[in-house]
Amino acid sequence: MNHSDLLTYCMSKPGAEQSVHSDWKATQIKSNGVLFAMVHEVKGRPAVSLKSTPALAELLREEHSDIIPSEHLNKSHWSTLFLDGSLKDSQIYYLVDASFQQVDAARQAAL
């Protein structure tokens with residue numbers, strides 16, 4: 001998977017908006033103002049940071065060497081997935097969906 005394909009998928013989500021975080025050299029994808037994906041490079045590798053429950057984050061990191069705690073975000077909720085590693089595109093898309101749904105559910109609960 002590459003950055004372009006991932007950004008296209010993220011931007012297809014309802015209310016998705018893209019911005020650049022210049023300090024982190026990252027493209028942030030937000031839905032209704034709430035971050036659900038951050039596309040960037042980590043150690044020269046293409047990557048995306050996604051939100052999940054702490055339990056899922058821990059499980060994913062134990063099972064996949066290409067998933068690590070996010071450097072700039074809350075490590076208990078945010079994981080960084082390397083796009084050029086062993087993860088299948090379908091796994092990455094599933095985790096993007098899960099991140100979006102978690103952010104959307106929290107937003108709706110706050111209404």
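Residues numbered from 1 in each chain as written. Predicted model: local features only at pLDDT ≥ 70, side-chain atom pairs only at ≥ 80, totals over all residues. Heavy atoms only, no water.

- In the nomenclature of an unreviewed UniProt entry, the protein corresponds to MmcQ/YjbR family DNA-binding protein from the organism Pantoea anthophila.

Focus on the packing of aromatic side chains
Working step 1: Summed over the entire model, instances satisfying the criterion amount to two aromatic pairs.
Working step 2: Ring geometry for Tyr9 versus Tyr93: centroids 4.4 Å apart, planes at 45 degrees, classification tilted. With Tyr9 in helix 1 (residues 3-11) and Tyr93 in helix 3 (residues 89-110), this residue pair connects regions lying 84 residues apart in the sequence.
Working step 3: The partly exposed category is assigned to Tyr9, whose relative accessible area is 22%.
Working step 4: Exposure remark for Tyr93: the relative accessible area of 25% places this residue in the partly exposed category.
Working step 5: Taking 5.3 Å as the distance between ring centres and 80 degrees as the angle between the ring planes, the aromatic pair formed by Phe36 and Phe100 counts as edge-to-face. Within this pair, whereas Phe36 is found in strand 3 (residues 34-42), its partner Phe100 is found in helix 3, the two being separated by 64 residues in sequence. Accessibility assignment for this pair places Phe36 and Phe100 in one class, buried.
Working step 6: In this structure, Lys13 packs its charged tip against the face of Phe100, placed 6.0 Å from the ring centre.
Working step 7: One Lys or Arg, Arg45, reaches over the ring of Phe82 and ends 4.0 Å from the middle of that ring. (Phe/Tyr/Trp six-rings, centres within 6.5 Å; stacked < 30°, edge-to-face > 60°. Helix = DSSP H or I, 4+ residues; strand = E, 2+ residues; numbered from the N terminus. Buried < 20%, exposed > 50% of the residue type's maximum accessible area, 1.4 Å probe, protein only. Lys NZ or Arg CZ within 6 Å of the ring centre and 35° of its normal.)

Observations regarding the sheet that holds strand 6 (residues 78-82)
Strand pairing in a sheet relies on backbone hydrogen bonds. The paired strands run either parallel or antiparallel.
Working step 1: On the basis of which strands lie adjacent, the open sheet formed by six strands has the order 1-2-3-4-6-5 and antiparallel pairing. In the strand order of this sheet, the two ends are held by strand 1 (16-21) and strand 5 (67-69), each with one partner. When strand polarity is set aside, the average angle formed by the axes of neighbouring strands in this sheet is 25 degrees.
Working step 2: Along the sheet, helix 3 contacts strand 2 (26-31), strand 3, strand 4 (45-51), strand 5 and strand 6; its crossing angle with strand 4, the most-contacted strand, is approximately 35 degrees. (Pairing = 2+ DSSP bridges. Axes fitted to C-alpha atoms, helices over the stretch in contact; angles between N-to-C directions. Contact = heavy atoms within 4.5 Å.)

Quick look at the environment of Thr8
Working step 1: Looking at the element boundaries, Thr8 is found in helix 1.
Working step 2: On the basis of relative accessibility, which here comes to 55%, the residue Thr8 falls in the exposed class.

Thoughts on the pattern of salt bridges
Working step 1: Counted under the stated rule, the structure contains three salt bridges.
Working step 2: Residue Arg45 pairs with Asp66 through a salt bridge whose shortest N-O separation is 3.2 Å. On the criterion of sequence distance, the pair formed by Arg45 in strand 4 and Asp66 in the loop between helix 2 (54-63) and strand 5 is long-range, its members being 21 residues apart.
Working step 3: For Asp66, a relative accessible area of 8% puts it in the buried group.
Working step 4: For Asp84, the salt bridge goes to Arg45, with nearest N and O atoms at 2.9 Å. Taken together, the residues Asp84 in the loop between strand 6 and helix 3 and Arg45 in strand 4 connect sequence positions 39 residues apart.
Working step 5: Three or more residues joined by partner-sharing salt bridges are found here, namely Arg45, Asp66 and Asp84. (Salt bridge = Lys/Arg side-chain N within 4 Å of Asp/Glu carboxyl O.)

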